[in-house]
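Observations on the model geometry
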Amino acid sequence: MRYVLDVAVERPLYSLFSYSHYRKLDLGVRVKVPLGRGFSRGWVLKVSRLEEERDLKSIDEVIDDSPPLPSTWLTLAQIISQEYCYPLGLTLKLLFPYDYLPSFGEITLKSVGERFSRLVVGSRLSRLSYYREVIGEFLAAGEKVILLVPQLEDMEDWASKLSFDNTFLWYSEIRRSERKRAWNAAKGEGGALFIGTFSLSLVPMRNLGLVIVDDEGSSYLRRLSLPYIHARDAILLRRRVESFSVVLGGAILSAESFNLVKEGWDLEELPGSKPKYRLIDLKRSSKVAFLSQSLFSKIKANLKLGGKSVILLNRKAYASYLKCEECGYIPKCSNCDIPLSLYREEGKLKCPYCGYERSFSDTCFNCGGYFFKLGSPGIESLASLLRRRLGSGVAVWDAETELFDESALIIVGTQRVLQPKIMNGVKLACIALADLSLYKSSYRSEEETLRMIYSLASFSPEELYVQTYVPEHPVFKIFREDSWKEFLEAELDKRKELRYPPFYSLALVSLKGKRELFLMSKLKELKLALEGRAIEVLGPIRRVLPDGKISLSLLLKGKKGELEKELCDLLENGKIKPSKELEIIVDPPEV
């Protein structure tokens, strides 16, 4: 007796491949199969008897003695694959990327009491108190709890402040021994608390009772590669195959989460007070080191008293560009044809998009001149000016910072400063220029600016300052009056009218390569395949990539669920052919 095994291979392919084998294998075991001129690993998803003679290749090797993931995770993989138009075999690899972990075994779905769905808004301190109480209730009942946070520093801070026994950390860079220990705890029957970043959202748990996603609107909770899933969305998809309570918390909610109130989710606003708040009109202020005179004086006075100040400026580097004042030359990226940003402390010019870099010279690359005009200042420039005025106790903090002076009393940084390591004990906090995020080319710009202000306030500094050239903008009034619910209601109405998430889905379909004419012909075929479907097609968008390749992209809009279904149908039926040039991003982080 031989059997037919339908296998999802770990390649960017959307169809299952059939193979024969002399024995019946369990669904969900991994196998090594011949594919093309080589071999690939894959997952067995269907087994049937070979009733009639077929020209099928045989399985080369059975990798697992038993399925590494519970059967519910096969269903979850299919859901994620459909929602993000991501190959099923690669989705399964995403759910079990660590070969050294033992098989998880099956999860028995128990009949439990009523599960709740809750949105929680408040300061970081009030959320800590709320989380401690609700986590304690679930642990006492012998159930497991997952707490998802945006950054590693958040994870360590929550673990130390919650102080529960049987607490396990989970993140991408965790040591192998610690991951095995946490995995075995997840397999066990008793209660335990797991705290981690995005990767924890897809770890199976036996007896899972509660998942908390803190700072649920943060972009740091999103995967950094395909598929670009947000941890909040991963948990909501996971809930389709499991039963557990969910808390989405933050200083303010995202529009996507606030929309869940209409679906019956409870909204709980925690008690707390806001810091002393002042909005500074930069048009009417004299300035010192890009700060208003009054704010600079406050920071100087706070420094003399030994107080800590944090200045948030959402622009990296020393300056956004250089321009030779003698010949007008502006150094540009050879890939993207946009001005290079100056990183003076590193002595480099870098592209903010593709990462291309070259050494910085004190003379013009074009004419040899010595005089430069600098573009808009970044955190390095602001820190340099403050050091000249206030001394050496000024530190810079962003995603690229490796060495950090923790004794510094003035910290200048990007949004990465919004973490306990930096914000604990801060007396004065300010946003140097809120307009940078307010006028960012994104449909989320106003929401993100409001979240940035609320997030800074949630760390409870004594004083909070926001500088802007447009103090009349409604966002600042919304924060002052704490009318964020009215803002989000209006924001949802606007997004519905303009066909944006959460009511509509977006997908970026890109073709990449070095032969632009070939890509254009492929793009025409793609447009033809999309004709006659309920999809709005925008573009093409042309970009030059860091490796010199050309990218041509189409932005697709469609009703939530319908766009994904249409794309998957086109891929599975071969009307859109997978290739090394093709990339599909559902819910792209940036448009």
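Structure's up top.
In short, a report on the structure. Predicted model, so just to flag it, every value in this text is computed and none were measured. (Residues numbered from 1 in each chain as written. Predicted model: local features only at pLDDT ≥ 70, side-chain atom pairs only at ≥ 80, totals over all residues. Heavy atoms only, no water.)

Description of the packing of helix 3 (residues 124-140) against helix 4 (residues 152-162)
For the pair helix 3 and helix 4, the least separation of the axes is 11 Å and the interaxial angle reads 60 degrees. In terms of orientation, helix 3 lies oblique with respect to helix 4. Helix 3 and helix 4 meet at a crossing whose hand is right-handed. On helix 4, the residues that touch Arg 124, Arg 127, Leu 128, Tyr 131, Arg 132 and Ile 135 of helix 3 are Asp 154, Asp 157, Trp 158, Lys 161 and Leu 162. (Axes fitted to C-alpha atoms, helices over the stretch in contact; angles between N-to-C directions. Helix = DSSP H or I, 4+ residues; strand = E, 2+ residues; numbered from the N terminus. Parallel < 35°, antiparallel > 145°, perpendicular 65-115°, else oblique. Left-handed = near helix turned anticlockwise from the far one by under 90°. Contact = heavy atoms within 4.5 Å.)

Quick notes on the side chain of Arg 444
Inspection of the secondary structure puts Arg 444 in the loop between helix 11 (435-438) and helix 12 (445-458). Judged by relative accessible area, Arg 444 falls into the buried class, the value being 12%. At a separation of 3.4 Å, a polar atom in the side chain of Arg 444 contacts the side chain of Glu 256. Within the structure, the side chain of Arg 444 is placed 3.0 Å from the side chain of Tyr 443, a separation counted as a polar contact. Sequence-distant contacts of Arg 444, defined by excluding residues within four places in its chain, comprise Arg 222, Glu 256, Arg 495, Asp 587 and Pro 589. (Buried < 20%, exposed > 50% of the residue type's maximum accessible area, 1.4 Å probe, protein only. Polar contact = N/O pair within 3.5 Å; in protein donor to acceptor, adjacent residues only side chain to side chain.)

Remarks on the nonpolar core
Ranked by size, the top nonpolar core spans 116 residues in total, and within it Phe 194, Leu 450, Trp 484 and Leu 556 carry the most contacts. Here this core takes 7 residues from helix 1 (residues 71-84), the largest share from any one element. The residues contacting Phe 194, other than those within four sequence positions of it, are Lys 144, Val 145, Ile 146, Leu 147, Phe 168, Ala 182, Ala 185, Ala 186, Leu 200 and Met 205. In this structure, Val 396, Cys 430, Ala 432 and Leu 433 belong to the second largest nonpolar core, which totals 24 residues. (Core = buried A, V, L, I, M, F, W, Y, C linked by side-chain atoms within 4.5 Å.)

What to know about the environment of Val 149
Here Val 149 shows up in the loop between strand 7 (144-148) and helix 4. It is 30 Å that separates the C-alpha atoms of Val 149 and Val 509, two residues lying 360 residues apart in sequence. Dropping the residues within four chain positions of it, Val 149 is found in contact with Asp 154, Met 155, Trp 158, Gly 196, Thr 197, Asp 214 and Leu 221.

Details of the sheet that holds strand 2 (residues 17-21)
Spatially, the 5 strands line up as an open sheet ordered 2-1-4-3-5, and their pairing is antiparallel. Each edge of the open sheet is held by one strand with a lone partner, namely strand 2 and strand 5 (61-62). The pairing of strand 1 (residues 3-9) with strand 2 spans 5 bridges and is antiparallel. Within strand 2, the position partnered with Leu 5 by the bridge is Tyr 19. Where helix 2 (residues 88-95) meets the sheet, its contacts fall on strand 1 and strand 4 (38-49), and the angle it forms with strand 4 comes to roughly 100 degrees. (Pairing = 2+ DSSP bridges.)

Some points on the pairing of strand 6 (residues 117-121)
Counted residue by residue, strand 6 has 5 buried out of 5 residues, so it is predominantly covered. Taking every second residue as pointing to the same face, both faces of strand 6 are buried, with Ser 117, Leu 119 and Val 121 on one and Arg 118 and Val 120 on the other. Examined bridge by bridge, strand 6 and strand 11 (residues 245-250) share 5 bridges and lie parallel to one another. What sits directly across from Arg 118, in strand 11, is Val 247. Judged from the 4 bridges that link them, strand 6 and strand 12 (residues 266-269) form a sheet pairing that is parallel. The residue of strand 12 that forms the bridge with Val 120 is Glu 268.

Read these as geometric descriptors, not functional statements.
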